[in-house]
Amino acid sequence: MIFGKIDFINLLPFHVFIKRYARTSRFHQSLLHHKGVPSSLNREFAARRIDAAFISSITAQSCLRFGVGIVAQREVLSVIALPCDEDKKDADSATSNLLARVLEVHGEVLIGDKALHHYYSGKEHIDLGRIWHERTRLPFVFAHLCTHHHSEELRRLSRAFVRTKIKIPYYILMENSRKSAMTPTQITDYLRYISYKVGIKEEKGFKKFAKEARQRGLTPSLREIRY
C-alpha cells in the first residue's frame, strides 16, 4: 500500500502511530517517499499514483472513508485568514480556500506551518475553524483518510489509530521543531486543538459544509478532482 504523506504538524500523531503500526520496512518506506501538500496529494490520489492519503474534505465525498480525518472541534490555529483588501487563496489548500468563501471571510488564506507561525507571532488573524463553529455549533473536518482499495487494511488501521493514545517521543518533537521553526511547546499546544475521529457530529459538520459549498456552486467539478 502506497501512502501519501502530508508533512504538516497536524498529522504528526498519525505519522508516529503508523511508524509503529507498519508491518514491514517496505511499507514504511512507501509512506515516506510520497510526500506533498494537500492540493498535490489530491491530484496524486485522483490519478491513482498513491493508494491512500488524507484527502481534502471538499474532494473526499466519493472515496472510501473509515472515520478518520483531520478535525477541529472549535479553533484550529493552522487555518486562518489575514485581513487585507484583496482575497488570496493558499495554493497548498483545497478545502480551506472554499471554507473561507462559504463563511464569507475575506482576506489572505494561510494553512499549515505558515499559518501557525503567524498565529504564534501574535499578529491579527481570523481562525476559520472558530468562525465555522460559532455559526454551526459543529466541528469542521478538513480532511478524510481515503483509499481506492486496501479497504480492510485501512479499516483495521483506522480503528487502531482512534483507539490508541499517541505519545510523541521527544526526539521527534525536536526534529519537527527544527524543521518547522516552532518550539516543542508550541507544537504540543497546537496538537490539543486537533482530533482525528470522525463520528456522528463530525460527519454532520462535513455534510453541512459539502451542502453549503454545493449550494453556492463552489464544489469542484468531477473533471477537476477526477474521481
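Here is a short report on the structure shown in this document. (Residues numbered from 1 in each chain as written. Predicted model: local features only at pLDDT ≥ 70, side-chain atom pairs only at ≥ 80, totals over all residues. Heavy atoms only, no water.)

Okay, the overall build of the chain next. Within the chain one finds eleven helices and nine strands. In terms of C-alpha radius of gyration, the chain reaches 17 Å, essentially the compact-globule figure of 17 Å for 227 residues. Here the chain, with 227 residues, has 55% of them falling under the buried criterion. Counting only contacts in the chain whose residues sit at least 6 apart along the sequence, the fraction spanning at least 24 positions is 82%. With an accessible surface of roughly 11,400 Å², the chain has 49% of that area assigned to carbon and sulfur atoms. Separation of charge centres in the chain, based on 38 positive and 23 negative side chains, amounts to 8 Å. (Helix = DSSP H or I, 4+ residues; strand = E, 2+ residues; numbered from the N terminus. Rg over C-alpha atoms; globule rule 2.2 N^0.38 Å. Buried < 20%, exposed > 50% of the residue type's maximum accessible area, 1.4 Å probe, protein only. Contact = heavy atoms within 4.5 Å. Areas by Shrake-Rupley, 256 points an atom, 1.4 Å probe, with all protein chains shown as cover. Lys, Arg positive; Asp, Glu negative; His and termini not counted. Charge placed at Lys NZ, Arg CZ, Asp CG, Glu CD.)

This part is about the pattern of salt bridges. Between side chains of opposite charge, a pair can form as their charged atoms come close. Following the criterion strictly, the structure yields eight salt bridges and no others. In this structure, the salt-bridge partner of Lys114 is Asp90, at a minimum N-O distance of 3.1 Å. Residue Lys114 is found in helix H5 (residues 112-120), and its partner Asp90 is found in the loop between strand S5 (79-82) and helix H4 (95-103); the two are separated by 24 residues along the sequence. The partner of Glu212 in a salt bridge is Arg216, and the shortest N-O contact between them spans 3.4 Å. (Salt bridge = Lys/Arg side-chain N within 4 Å of Asp/Glu carboxyl O.)

Okay, the packing of aromatic side chains next. Under the defined criterion, the tally for this structure stands at ten aromatic pairs. Where Phe17 meets Phe161, the ring centres are 5.2 Å apart and the plane angle is 50 degrees; that geometry is what we call tilted. Of this pair, Phe17 sits in helix H1 (residues 12-21) while Phe161 sits in helix H7 (residues 151-163), and the two are 144 residues apart along the sequence. One aromatic cluster in this structure is built from Phe14, Phe17, Phe54, Phe161 and Tyr196. (Phe/Tyr/Trp six-rings, centres within 6.5 Å; stacked < 30°, edge-to-face > 60°.)

The next subject is the state of the cysteines. All chains considered together, the criterion is met by one disulfide. Covalently, Cys63 is tied to Cys146 through a disulfide, its sulfur atoms 2.2 Å apart. With a gap of 83 residues between them, Cys63 in the loop between strand S3 (52-56) and strand S4 (64-72) and Cys146 in strand S8 (residues 140-147) connect regions that are remote in the sequence. Under the relative-accessibility criterion, Cys63 is labelled buried at 11%. (Disulfide = S-S within 2.5 Å.)

Sheet architecture is open: three strands sit in the order S6-S5-S7, paired in antiparallel fashion. Strands at the two margins of the open sheet, each flanked by one partner only, are strand S6 (108-111) and strand S7 (126-127). Pairing analysis gives two bridges linking S5 to S7, with the strands arranged antiparallel. Bridged to Ala81 within S7 is Ile126. Of the strands in this sheet, S5 and S6 touch H5, which is tilted by about 105 degrees from S6. (Pairing = 2+ DSSP bridges. Axes fitted to C-alpha atoms, helices over the stretch in contact; angles between N-to-C directions.)

Below, the discussion takes up the packing of H4 against helix H10 (residues 200-215). Axis separation between H4 and H10 bottoms out at 10 Å; the angle between their running directions is 70 degrees. Classified by the interaxial angle, the pair formed by H4 and H10 is roughly perpendicular. Together, Thr95, Leu98, Leu99 and Val102 of H4 and Phe209, Glu212 and Ala213 of H10 make up the contact between the two elements. For the contact of H4 with H10, the residue count by class is five nonpolar, one polar and one charged. (Parallel < 35°, antiparallel > 145°, perpendicular 65-115°, else oblique. Nonpolar A, V, L, I, M, F, W, Y, C, P; charged D, E, K, R; others polar.)

None of this, on its own, says anything about what the molecule does.
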